[in-house]
Amino acid sequence: MDDLKNIGYSNWFENQVNAEMLAAHDIARVVAVHKDSYTVTKGGNEIFAELSGNLLYSSESAGDLPTTGDWVYADFFDDDTHAIIYGVFPRKTLLKRKRAGKVVDVQLIAANLDVAFIIQSLNENFNLRRLERYLVMVNESGIEPIILLSKCDLMSKEDIEQIKQNVLDIAPNTQVIAFSNLEQETINLIKSLLKQAMTYCLLGSSGVGKTTLLNSIIGNETFETQTVSKIQSKGRHTTTSRQLVRLDNGAMIIDTPGMRELGSLAVDEGLDETFSEILALEQNCKFSNCSHTNEKGCAILAAIQAEELSEQRYQNYLKMRKESEFNQMSYVEKRKKDKDFGKMVKTVMKHKQR
Ligand SMILES: Nc1nc2c(ncn2[C@@H]2O[C@H](COP(=O)(O)OP(=O)(O)OP(=O)(O)O)[C@@H](O)[C@H]2O)c(=O)[nH]1
Ligand SMILES: [Mg+2]
Ligand SMILES: [Zn+2]
């Protein structure tokens, strides 16, 4: 049990135990997901694992299958060199994104994370609106966000301070750290945040330096990073799988492949938390059904006018809210919407042809 505690098995999970499952199986944590298999650990070795037929066939969607960071019930064979997974524990937190497409489908990124490092590089990659999207996703999942601004060696101290301030304006209660893989003191600062038995993940676009940071933290070049030739052959992510790495101090960290886009959102709490000041403003509008477009006594319009709320931030909020509402509609509702839209297009085309 101590071995499990060391890799994050806390009271929260202990309270979720299914006694029947526990009587029949061991408990393990998923370290990596492969095409048709998994790697799991009970705190010692990493062990090859497969799903039991029953778990595979009773799963209704990708969300029911294990992902990196999950706690599972498993049986071990042949001196703990091979395992079969029978069930997945309830998740304390889950990072996922929706796959675009007709049928609503989710892709799991990682489970049971305590902290997500959202990384943006200070040079070409920096974008407050994208940062807001990541914050919504992380807040929605109930994970603590920490914002890391990478490649600070490429920028002047003054410019970094300015950007940091801009970030703090949109995420006032979040820790924001600028770092460079070339500056050891900044790496040490990040290392000091990593606590034993806690699980962290690295999130951010391809090329911001996630894997390089992981290597810096480990102190060697274990994991492959982007080389110049790779940067030129655009569109390829260097990191392709998600793997739970155990650090010497007992913390665990999951590197993720850069996300081209975040997929579509279906969120509520994440939006509310990330844009809390907009929600507070809405309370002050004169009319309770204010559309914030032209009403007198609109607190949002007044805040934008007074430059207390940035227009772009408000627009980004509206965009994400709309997207989320659309994604939360049922499949049938969406089909209907698509059909109505299709009809409208047809009618317009007919008129045109006349
Ligand atoms: N100037 C500078 N370059 C860096 C720094 N950290 C990483 N790089 C470079 O940025 C490029 C991308 O680094 P990676 O660590 O592979 O990026 P990644 O975020 O893991 O990318 P994906 O795995 O594709 O998602 C590499 O060429 C690194 O050498 C840094 O602190 N400063
Ligand atoms: Mg990488
Ligand atoms: Zn209003």
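In this text, all values refer to a predicted model and were calculated from it rather than measured experimentally. (Residues numbered from 1 in each chain as written. Chains lettered and ligands numbered in written order. Predicted model: local features only at pLDDT ≥ 70, side-chain atom pairs only at ≥ 80, totals over all residues.)

Engineer: Can you lay out the environment of Gln 243 for me, pointing to particular residues and giving the numbers?
Structural biologist: Examined against the element boundaries, Gln 243 turns out to sit in strand S12 (residues 243–246). Measuring from C-alpha to C-alpha, the distance between Gln 243 and Gly 69 comes to 8.6 Å, with 174 residues separating the pair along the chain. What Gln 243 contacts, discounting residues up to four positions off in sequence, is Val 31, Ala 32, Thr 68, Ile 254 and Asp 255. (Helix = DSSP H or I, 4+ residues; strand = E, 2+ residues; numbered from the N terminus. Contact = placed C-beta atoms within 7 Å.)

Engineer: Run through the environment of Asn 166, naming residues and quoting values.
Structural biologist: Counting through the fold element by element, Asn 166 comes out in helix H6 (residues 157–170). Residue classification places Asn 166 among the partly exposed residues on the basis of 15 C-beta atoms within 10 Å. For the pair formed by Asn 166 and Leu 128, sequence separation is 38 residues and the distance between their alpha carbons is 8.1 Å. (Buried ≥ 20, exposed ≤ 12 C-beta atoms within 10 Å, placed from the backbone.)

Engineer: Could you give an account of the pairing of strand S1 (residues 26–33), naming the residues involved and the relevant values?
Structural biologist: For S1, the buried fraction is high: six of the eight residues fall into the buried class. Of the strand pairs in this sheet, S1 and strand S4 (residues 71–77) are connected by four bridges, and their pairing is antiparallel. Its bridge partner lying in S4, Ala 28 is registered against Val 72. Bridge analysis of S1 against strand S2 (residues 38–41) gives four bridges, and the strand direction is antiparallel. Residue pairing in the sheet places Arg 29 in a bridge with Thr 41 of S2. (Pairing = 2+ DSSP bridges.)

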